[in-house]
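# Reading the structure
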Amino acid sequence: MRFSTLLFACLVPLAAQDQTFRTTVNVVVAPATVLDRHGNFVHDLKPSEFRVYDKGVLQDIRLDVSFLPISLVVAIQADGAVDSVLPRIQKIGPMINAVVAGEQGESAIVSFDHRIQVLQDFTADPDKLAEGLKKLRAGSMSSRLIDAVDESVRMLRRRPGERRRVVLLISESRDKGSSGKVRETLAAAEFQNVSLYAVNIPRVVTALTQKAPAPRPDPIPATAHGMPAGAAVTPGTTSGIRNYGSVMPAFEEIIRGVKAIFILNPVEVFTKYTGGKEQNFVNLKGLEEAISSIGNELHAQYLITYNPSNKSEGGYHEIKVVVERPDLTVRARPGYWMAAIPQ
């Protein structure tokens, strides 16, 4: 099917709207996940049972029920904070193509700390993916999450247009050192119809397991420290008091986790506005279950495409997908920004 070209200006709705990003795309793509009241995927829906509204206007849609192969980039945080977690991640090689990319799928492996490294380019060979994962090594304490997602989108942009494009991000939910911005990266993902799914490494795990850096020399002489009454003044006792806070990061991360409910982190923005979702894990079993859940969802989705009939209306276009069957829940990409096209 041929679609006319649209001119989009994509912004994150919660960001300051002082800059626009314009590019051309051929079609609005909205993969839809449909669940019954028990949380099971629904597989038997017909195109006539879907209603799609773009900014409140009913659209003429196409529903792809045929198999579409997936191009997948697995982007993995590999900085010093996740050193203890990497051995678990290295064991998921057999699952990447078999469970997530699926039949005729292809996958690539990217790692990131202060560098963005392609450990394995796109391949359907599970042995090559396993070898790519073996190259994972913990690096610096930087974690350029946003830049890694941006590079993953660039890699997917070069894949054939008839393939679905997916990023699987395995990392903490915070960025440490990216030069790119969330808005620009999200815009690029939306323009390329990339869905981003995330398996979050809990910060409390990295805070408790990461190697502590070597203590800095104390610039204050030992005899100058104030001491509890009756305590002997020695370099050992002053060092112990000065470094008591080394057990505090875990508590700080827990507190930040509670506060983060009210602040959208980069991973939450990417998953929410591309129609993906976040999963969490602590051990290897939890990691395998999270990846299986994402793979099952990708292969149970309905791929909805349409050419908006109201493209002359600029601004944010909310996408609402409705299924004409009771007791079903639908999750899809929430919308996009579009520059008005003169009539």
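This text goes with the structure placed above it.
Reference entry: report on the structure contained in this document. Each chain has its residues counted from 1, running along the sequence as written. Local features in this predicted model are restricted to residues of pLDDT 70 or higher, and side-chain atom pairs are both shown and tallied only at a pLDDT of 80 or more, whereas totals for entire chains, interfaces and linings draw on every residue. The side-chain quantities take in all heavy atoms of the structure and omit both hydrogens and water.

### Re the overall build of the chain
So the rule is basically this: Helix and strand assignments follow DSSP, with helices taken as H or I runs no shorter than four residues and strands as E runs no shorter than two, numbered in order from the N terminus. Relative accessible area decides the class of each residue, using a 1.4 Å probe on protein chains only: under 20% of the type maximum gives buried, over 50% gives exposed, and in between gives partly exposed. Whether two residues are in contact is decided by their heavy atoms: any pair within 4.5 Å suffices. Note on areas: these come from Shrake-Rupley sampling with a 1.4 Å probe, and a residue is covered only by the protein chains present in the view.
Looking only at helices and strands, one finds ten helices and 16 strands in the chain. Looking at the 343 residues of the chain, the share that counts as buried comes to 45%. Put simply, of all contacts in the chain between residues at least 6 apart along the chain, 79% involve residues at least 24 apart. Only carbon and sulfur atoms are counted for the fraction: they give 53% of the accessible area of the chain, which is about 17100 Å².

### Considering the sheet that holds strand β4 (residues 50–54)
Rules: Whether two strands pair depends on DSSP finding at least two bridges between them.
As summarised here, the arrangement of the four strands in space is β5-β4-β14-β16, forming an open sheet in which the pairing is antiparallel. The outermost strands of the open sheet, each flanked by one partner alone, are β5 (57–58) and β16 (335–338).

### Looking at the environment of R51
Tracing the chain through its elements places R51 in strand β4. As for R51 and V323, which are separated by 272 residues in sequence, their C-alpha atoms are 6.2 Å apart. Setting aside anything within four residues of it in sequence, one finds R51 in contact with L58, K320, V321, V322 and E324.

### A few points about the environment of K135
Counting through the fold element by element, K135 comes out in the loop between α3 (126–134) and α4 (145–157). Taking C-alpha positions, K135 is 8.8 Å from Q90, a pair spaced 45 residues apart along the chain.

### Some details on the packing of helix α2 (residues 93–101) against helix α10 (residues 284–298)
The line we're drawing: For helices, the fitted line uses only the C-alpha atoms of the stretch in contact; every axis is such a line through C-alpha atoms, and the angle between N-to-C directions lies from 0 to 180 degrees. Our angle categories are set so that under 35 degrees counts as roughly parallel, over 145 as roughly antiparallel, 65 to 115 as roughly perpendicular, and the remainder as oblique.
Between α2 and α10, the least distance of the axes is 8 Å, while the angle of their chain directions is 30 degrees. As far as their axial angle goes, α10 and α2 are roughly parallel. Listed contacts from α10 to M95, V99 and V100 of α2 are E288, I291, S292, G295 and L298.

### Quick look at the nonpolar core
Selection criterion: Here, nonpolar core refers to any group of buried Ala, Val, Leu, Ile, Met, Phe, Trp, Tyr and Cys residues whose side-chain atoms link them within 4.5 Å.
L72, I76, I89, I170 and V199 are the most contacted members of the largest nonpolar core, which totals 31 residues. At the level of secondary structure, the elements contributing two or more residues to this core comprise β7 (70–77), α1 (86–89), α2, α3, β10 (164–171), β11 (194–200) and α10. Setting aside residues up to four positions removed in sequence, V199 forms contacts with L168, L169, I170, S171, Q279, F281, L287, A290, I291 and I294. Judged by nonpolar contacts, the second largest core, of 24 residues, contains A108, V153, A189 and V194.

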